[in-house]
Amino acid sequence: MASPTAQFVTATRSGQILRVQMAAVRAGESASEVTGFLLVLDNVTRDFEQDSVHDRLMHGLTAAGREFLDRIRAAHGRLLAAGDDITRRGEALATIEREMTTVGQRIAEFEARRAAAIKTRWPLEDMLADDLLAAIETQVENHAGCEVSVAIEAQALWLRIDSFALLQAITSLASRIVQVLGAKTLTVHLSLDDGRARIDLAWPADRVPAQALASWLAQWESAPMQVGDQSSPLTVRDVVERHQGQLRLERISGQQSIAVLLPLAEPVPETTGGPGVHEARPEYYDFDLFERRDGNHARDDSRLADLTFTVFDTETTGLQPSGGDQIIQIGAARIVNGKLLRQEVFEQLVDPGRRIPAASIPIHGIRDDMVSGKPGIDQVLPVFHAFADDTILVAHNAAFDMKFLQMREQSSGVVFRQPVLDTLLLSALVHPNQPSHRLEAIAQRFDITVHGRHTALGDALVTAEVLLRLIPLLEAMGIRTLGEALEASQGTMFARVRY
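These figures come from a predicted structure and were not determined experimentally.

### What about the sheet that holds strand 17 (residues 420-422)?
Across the sheet, which stays open at both edges, the five strands sit in the order 15-14-13-16-17 with mixed pairing between neighbours. Single-partner strands in this sheet number two, and they are strand 15 (339-349) and strand 17. Averaged over neighbouring strand pairs, the angle between their axes works out to 25° when direction is ignored. Judged from the eight bridges that link them, strand 14 (residues 327-336) and strand 15 form a sheet pairing that is antiparallel. Bridge pairing links I330 to Q348 in strand 15. Lying on the sheet, helix 10 (residues 398-407) is in contact with strand 13 (308-316), strand 14, strand 16 (392-395) and strand 17; it crosses strand 13 at an angle near 75°.

### Focus on the pattern of salt bridges
Applying the stated rule across the entire model yields 18 salt bridges. Where E250 meets R198, a salt bridge forms, and the shortest distance between an N and an O atom there is 2.8 Å. Taken together, the residues E250 in strand 11 (residues 246-252) and R198 in strand 8 (residues 196-204) connect sequence positions 52 residues apart. Among the residues examined, E250 registers a relative accessible area of 22% and is labelled partly exposed.

### Brief notes about the pairing of strand 10 (residues 230-235)
On a regular strand, each side chain points to the face opposite its neighbour's, so the side chains alternate between the two faces of the sheet. As judged from the three bridges shared by strand 9 (residues 224-227) and strand 10, these two strands associate in the antiparallel manner. Following the sheet pairing, Q226 is matched in strand 10 by S231. Taking the residues that link successive antiparallel strands as the turn, the strand 9-strand 10 hairpin has two residues, and the phi of G228 there is positive, at about 60°.

### Examining the packing of helix 3 (residues 129-144) against helix 4 (residues 163-181)
Between helix 3 and helix 4, the least distance of the axes is 9 Å, while the angle of their chain directions is 40°. In terms of orientation, helix 3 and helix 4 fall into the oblique class. Seen from above, helix 3 lies across helix 4 with right-handed handedness. Contacts between helix 3 and helix 4 pair L132, A135, I136, Q139, V140, H143 and A144 from the former with L166, L167, I170, T171, A174, S175 and V178 from the latter. Along the lines of polarity and charge, the residues of the contact of helix 3 with helix 4 split into 10 nonpolar, four polar and no charged.

How each quantity is defined
Residues numbered from 1 in each chain as written. Predicted model: local features only at pLDDT ≥ 70, side-chain atom pairs only at ≥ 80, totals over all residues. Heavy atoms only, no water. Pairing = 2+ DSSP bridges. Helix = DSSP H or I, 4+ residues; strand = E, 2+ residues; numbered from the N terminus. Axes fitted to C-alpha atoms, helices over the stretch in contact; angles between N-to-C directions. Contact = heavy atoms within 4.5 Å. Salt bridge = Lys/Arg side-chain N within 4 Å of Asp/Glu carboxyl O. Buried < 20%, exposed > 50% of the residue type's maximum accessible area, 1.4 Å probe, protein only. Parallel < 35°, antiparallel > 145°, perpendicular 65-115°, else oblique. Left-handed = near helix turned anticlockwise from the far one by under 90°. Nonpolar A, V, L, I, M, F, W, Y, C, P; charged D, E, K, R; others polar.

So, in structure tokens, the structure goes:
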């Protein structure tokens, strides 16, 4: 085919508008045979509706503006022609005033409807409060022009927020504090307050009366937000109300503070694969992680913190890929520039084409009826390969998972050639004297909350959190690049053990 990829928009019978991206799945990386297609569907109905409303408003405002200018021009002509005739001058001035009032009302209506659309433009998503504070520190220093210090009293708080709008709101408040009150330094403080996250913008207390501060805050929260040369039709109050939050003005320990109180994200229920105690996977397997199958060393000098990773895990029928055991689930998550993208994940149950042994069900909780009718591994691997394309693969005890992928290369036509990092080996580098490098033990050392242990996606997310904790520790040891990490991993005792 001339072009194996395409992007188009179509409509469903119910009137929903879908943006479709299509990419061909080939039999192999260099093969010309197309064995299927990968479709990515995005429902853009709401975007189209909002754009349509915006276009209608703009068209109406533009048409009204032309009519307004015509009437003002005519009234101005009558005003000039009236000379000393007071009556005619009064009529012309009244026309001008009436037209100015009308166009002002039209502009206000346009701004109100535009603001209503912007309020929900970005979805609420989970974000670690520590990351939000880091962004606030940078944004406030850049736009408010003051020194900022961050104090985190409550660790590992997750918020469900519109990060863009909330960052604008807090930066706008900080800019007002600096401009109006002349504050030279600001402290951004994170704490828990009666089950809610509390972000304080604090500055050294001055002699401004509390009543005046309260009056200013009322003005600031109701005025359109301004961040540098960027303005928004939204107000701070709009943003806080959308988050079901609250603003407070307080004076604590010699500092004046504007506190933003926000609800915490809903906790994810902790699940396990089953109630039984089970044998762990073998910690090593006969797959050479350090054989550079792509022969490409272009990324060896890239800093670990700058790379894009696909962190993955598999659940299997058993522990012997060479003995007929098969993958029954693949889960993966993405890390980009040191950030775990929890919304960008891959999760798929797989029909293994055989019965799942009863002894393994308590481990992963996957039964035969759950995988019956699901795609086979030869259908799933091309899709997962596309998801992981041009990234560094990461797994815990990666040789075990990679052996299962290797066993399906011939039947699926898919070969994973990119470099692979193993968090088990990296942990052995960072903590060589620890008695265990099992995923649970590492997570406990790093105080990582484990959700969905022994589900493929749950383990992939935990492994991703572990990798993010390991990278700065590796850098402190002088292991900063991909090439250095691979070389150092290869030198560990665990990397040399084979069955």
